[in-house]
Amino acid sequence: MKQMTLGSTGFEKHAKATRRAQFLAQMDRVVPWKQLCALIQPVYSTGAAGRPPVGLERMLRIYFLQQWFNLSDPAAEEALYDSMAMRQFVGIDLGREPAPDETTILRFRHLLESHDLGRQLFAAVGTHLQAQGLKIATGTIVDATIISAPPSTKNADKARDPEMKPTQKNQQWFFGMKAHVGVDSKTKLIHSVAATAANVADSSVLPVLLHGSETRVWGDQAYRGKRDVIRARAPQAQDFVNRRYRQRGTIDEVERRKNQTKSRVRAKVEHTIGVIKRIFGFVKVRYRGLAKNAHRLFVTAALANLYLARSYLLRRQRESCA
């Protein structure tokens, strides 16, 4: 597919490159389209029966737009008609063809979900980034964040989603799921992801978030007392998890200062989670059940890694062309 540009078309003499258009132009250059399409191609329709399918890369671009801008299937169709920048990114000329309708977009999403391709897309992006020189180091920061679900029972089933659960945090109750991430302490890239109900303890998912070659592991106090679990998964790892420094109203100043030092590294995970929740808008679940929302989490984590690495990847492209 031809690379998108920021230039205006037609008679738009005074068009301006918006932040959305600039963002899409950058992501167009850093996403490894060929590798990702190759993963989906074996299960994508060839059009031997029925009407010809929409091009695979075009549908993948629309699917990524949904993750970047937090769009439902109907909203994605509307956005393609409303935004020239999005149409340019996808490669749609309304003078020649309509945008794919919401049913086509939904079916493509269901295709990815039914074959659990979110995990494969996440792994493929990780492989691509390592090939570009962004190696996973020996330090991992672990953390979990709550993704809210609708608590109301005013729906067709007269019930909440049975796979979402309540949990209490800072004396406040939440309902939904948890996104667990293992983040590289040097690059802030996500190397491990897991999704659970919100009532699952953060520390119970700890082994899944470690790649095994760590020499240091950081985390908040939710992971304290798990040194044996860390060593079982990563034998060379030192435990840099924050400790409890307040006991029965007494503050241990030495332990508090140690926590502050550890938190200078641990805080990097908040930047990564911020991309997922604040920039891409994944603060609430969109679907019922853990499986579909876990699929979205894997894809969003892959795209967050590309977003975090975009400056590095674009610089490498410029250097290779010089």
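Thresholds, definitions, all that
- Residues numbered from 1 in each chain as written.
- Predicted model: local features only at pLDDT ≥ 70, side-chain atom pairs only at ≥ 80, totals over all residues.
- Heavy atoms only, no water.
- Helix = DSSP H or I, 4+ residues; strand = E, 2+ residues; numbered from the N terminus.
- Rg over C-alpha atoms; globule rule 2.2 N^0.38 Å.
- Buried < 20%, exposed > 50% of the residue type's maximum accessible area, 1.4 Å probe, protein only.
- Areas by Shrake-Rupley, 256 points an atom, 1.4 Å probe, with all protein chains shown as cover.
- Lys, Arg positive; Asp, Glu negative; His and termini not counted.
- Charge placed at Lys NZ, Arg CZ, Asp CG, Glu CD.
- Phe/Tyr/Trp six-rings, centres within 6.5 Å; stacked < 30°, edge-to-face > 60°.
- Lys NZ or Arg CZ within 6 Å of the ring centre and 35° of its normal.
- Salt bridge = Lys/Arg side-chain N within 4 Å of Asp/Glu carboxyl O.
- Contact = heavy atoms within 4.5 Å.
- Axes fitted to C-alpha atoms, helices over the stretch in contact; angles between N-to-C directions.
- Parallel < 35°, antiparallel > 145°, perpendicular 65-115°, else oblique.
- Left-handed = near helix turned anticlockwise from the far one by under 90°.
- Core = buried A, V, L, I, M, F, W, Y, C linked by side-chain atoms within 4.5 Å.
- Pairing = 2+ DSSP bridges.
- Right-handed = clockwise from strand over helix to strand, strands pointing away.
- Nonpolar A, V, L, I, M, F, W, Y, C, P; charged D, E, K, R; others polar.
- Expected span 1.5 Å × (residues − 1).
- Polar contact = N/O pair within 3.5 Å; in protein donor to acceptor, adjacent residues only side chain to side chain.

It is worth spelling out the overall build of the protein at this point. When helices and strands are tallied, the protein shows 12 helices and eight strands. What you see for the protein is a C-alpha radius of gyration of 22 Å, in line with the 20 Å of a compact globule of 322 residues. For the C-alpha atoms alone, the extent of the protein along its principal axes is close to 70 × 60 × 40 Å. The buried share of the protein, taken over its 322 residues, is 46%. As displayed, the protein offers around 17,100 Å² of accessible surface, 49% of which is attributable to carbon and sulfur atoms. Within the protein, one finds 52 positive and 28 negative side-chain charges whose respective centroids are separated by 6 Å.

The next thing to look at is the packing of aromatic side chains. Overall, the coordinates contain 13 aromatic pairs when judged by the stated rule. Between Phe 23 and Trp 68, the aromatic rings sit 5.5 Å apart at their centres with planes inclined by 85 degrees, giving edge-to-face as the arrangement. Highlighted residues: Phe 23 in helix α1 (residues 19-30) and Trp 68 in helix α3 (residues 56-69), separated in sequence by 45 residues. Per residue, the accessibility class of Phe 23 equals that of Trp 68, and both read buried. Clustering of aromatic rings is evident, with ring pairs tying together Phe 23, Trp 33, Tyr 44, Tyr 63, Phe 64, Trp 68, Phe 69, Phe 89, Phe 108, Phe 280 and Tyr 307. Cation over ring: Arg 61 sits above Trp 33, and NZ or CZ is 4.2 Å from the ring centre. One residue, Arg 310, lies across the ring of Tyr 307, its end atom 3.9 Å from the ring centre.

The next thing to look at is the pattern of salt bridges. Across all of its chains, the model carries 12 salt bridges by this definition. For Asp 28, the salt bridge identified is with Arg 61, shortest N-O distance 2.7 Å. In this pair, Asp 28 sits in helix α1 while Arg 61 sits in helix α3, placing the two residues 33 residues apart along the sequence. A relative accessible area of 6% means that Asp 28 is categorised as buried. For Arg 243, the salt bridge is made with Asp 239, and the minimal N-O distance between the two is 3.1 Å. Asp 239 carries the same exposure label as Arg 243, and that label is buried. Salt bridges here are not isolated pairs; linked through shared partners, they connect Asp 28, Glu 57 and Arg 61.

Inspection of the secondary structure puts Thr 272 in helix α10 (residues 268-279). Those residues in contact with Thr 272 that lie beyond four places of it in its chain are Val 183, Lys 188, Ile 190 and Leu 308.

In this section: the packing of helix α2 (residues 33-40) against helix α7 (residues 117-131). Packing of α2 against α7 leaves a shortest axis separation of 10 Å and a crossing angle of 150 degrees. In this view, α2 runs roughly antiparallel relative to α7, as classed from their interaxial angle. Crossing handedness for the pair α2 and α7: right-handed. In this structure, α2 uses Gln 35, Leu 36, Leu 39 and Ile 40 to contact α7, whose residues at the interface are Leu 117, Gln 120, Leu 121, Ala 124, Val 125 and His 128.

Within the largest apolar cluster, 73 residues are counted, with the highest numbers of intra-cluster contacts made by Phe 64, Trp 68, Phe 108 and Leu 306. With nine residues, helix α11 (residues 290-308) is the largest single contributor of residues to this core. Listed in part, the 13 residues of the second largest apolar core include Ala 194, Val 205, Leu 210 and Ile 230.

This paragraph deals with the pairing of strand β6 (residues 238-241). By the bridge criterion, four bridges tie strand β5 (residues 216-219) to β6 in an arrangement that is parallel. Within β6, the residue paired with Trp 218 across the bridge is Phe 240. For the handedness criterion, the β-α-β arrangement of β5, helix α8 (residues 227-233) and β6 is classed as right-handed.

Next up on the list: the environment of Leu 121. Looking at where Leu 121 falls in the secondary structure, it is placed in helix α7. With 178 residues separating them in the primary sequence, Leu 121 and Val 299 have C-alpha atoms 6.6 Å apart.

Right, let's get into the packing of α10 against α11. α11 packs onto α10 with a crossing angle of 115 degrees between their chain directions and a minimal axis gap of 10 Å. Considered as vectors, α10 and α11 are oriented roughly perpendicular to each other. The two elements α10 and α11 meet at a crossing, and its hand is right-handed. Together, Thr 272, Val 275, Ile 276 and Ile 279 of α10 and Thr 300, Ala 304, Tyr 307 and Leu 308 of α11 make up the contact between the two elements. Taken together, the residues that form the contact of α10 with α11 break down as six nonpolar, two polar and no charged.

So, about helix α6 (residues 102-114). For α6, spanning 13 residues, the distance from its first C-alpha to its last is 18 Å, which sits close to the expected 18 Å at 1.5 Å a residue. For α6, the full list of buried residues reads Thr 104, Ile 105, Phe 108, Arg 109, Leu 111, Leu 112 and Glu 113. If you follow the buried residues of α6, they end up packed against α2, α3, α4 (73-82), α7 and α11. Of the residues flanking the start of α6, the one acting as N-cap is Asp 101, its side-chain oxygen 3.2 Å from the backbone nitrogen of Thr 103. Directly beyond the C-terminal end of α6, a positive phi value near 50 degrees is found at Asp 116.

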